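Chain residues, written in single-letter form:
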Amino acid sequence: MPKMKTNRSAAKRFYKTGSGKVMRRKAFKSHILEHKSQKQKRNLNMPAEVDKSDQPRIKRLIPYA
């Protein structure tokens, strides 16, 4: 059986942890930051776990991550 191809767009957006969870970056941190509070911007820096219902689908896109 040939190797599976990694979906490159998914590989740039998601990563897997050692325990197998799929993590993502949070939205709303790219621009229009002037009116957002420091606390809000700081919390947007933290990665978030992908919803449990979406994780199997994303794991198929990044098989070797």
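Residues numbered from 1 in each chain as written. Predicted model: local features only at pLDDT ≥ 70, side-chain atom pairs only at ≥ 80, totals over all residues. Heavy atoms only, no water.

### Concerning unusual backbone geometry
For F28, which is not a glycine, the phi torsion comes out positive at approximately 70°. Along the chain, F28 turns up in the loop between strand 2 (22-24) and helix 2 (38-45). Taking the relative accessible area as the measure of exposure, F28 reaches 64% and is therefore exposed. Despite not being glycine, I32 shows a phi value in the positive range, around 55°. With respect to the helices and strands, the residue I32 is situated in the loop between strand 2 and helix 2. The exposure class assigned to I32 is exposed, which follows from its relative accessible area of 53%. (Helix = DSSP H or I, 4+ residues; strand = E, 2+ residues; numbered from the N terminus. Buried < 20%, exposed > 50% of the residue type's maximum accessible area, 1.4 Å probe, protein only.)

### Considerations on the nonpolar core
Of all hydrophobic cores here, the largest spans six residues; its members are A10, F14, V22, V50, I58 and I62. Not counting residues up to four positions away in its chain, the partners in contact with V50 are F14, V22, M23, R24, Q55 and I58. (Core = buried A, V, L, I, M, F, W, Y, C linked by side-chain atoms within 4.5 Å. Contact = heavy atoms within 4.5 Å.)

### A closer look at the pattern of salt bridges
As enumerated under the stated definition, the model contains two salt bridges in all. Note that K52 and E49 form a salt bridge whose closest N and O atoms lie 3.0 Å from each other. For D54, the salt bridge goes to R57, with nearest N and O atoms at 2.4 Å. (Salt bridge = Lys/Arg side-chain N within 4 Å of Asp/Glu carboxyl O.)

### A closer look at the side chain of K36
Positionally, K36 belongs in the loop between strand 2 and helix 2. Comment: no salt bridge for buried K36; closest opposite-charge side chain is E34, at 12 Å. Within the structure, the side chain of K36 is placed 2.8 Å from the backbone oxygen of F28, a separation counted as a polar contact. When near neighbours in sequence (up to four residues on either side) are disregarded, K36 contacts F28, H31 and K41. (Lys, Arg positive; Asp, Glu negative; His and termini not counted. Polar contact = N/O pair within 3.5 Å; in protein donor to acceptor, adjacent residues only side chain to side chain.)

### A look at the sheet that holds strand 3 (residues 48-49)
Here we have three strands laid out as an open sheet, ordered 1-2-3, and antiparallel in their pairing. Looking at strand neighbours, the two that pair on one side only are strand 1 (14-16) and strand 3, the edges of this open sheet. Summarising the sheet, strand 1 and strand 2 pair through three bridges and their orientation is antiparallel. Considered in strand 2, the bridge of K16 is made with V22. (Pairing = 2+ DSSP bridges.)

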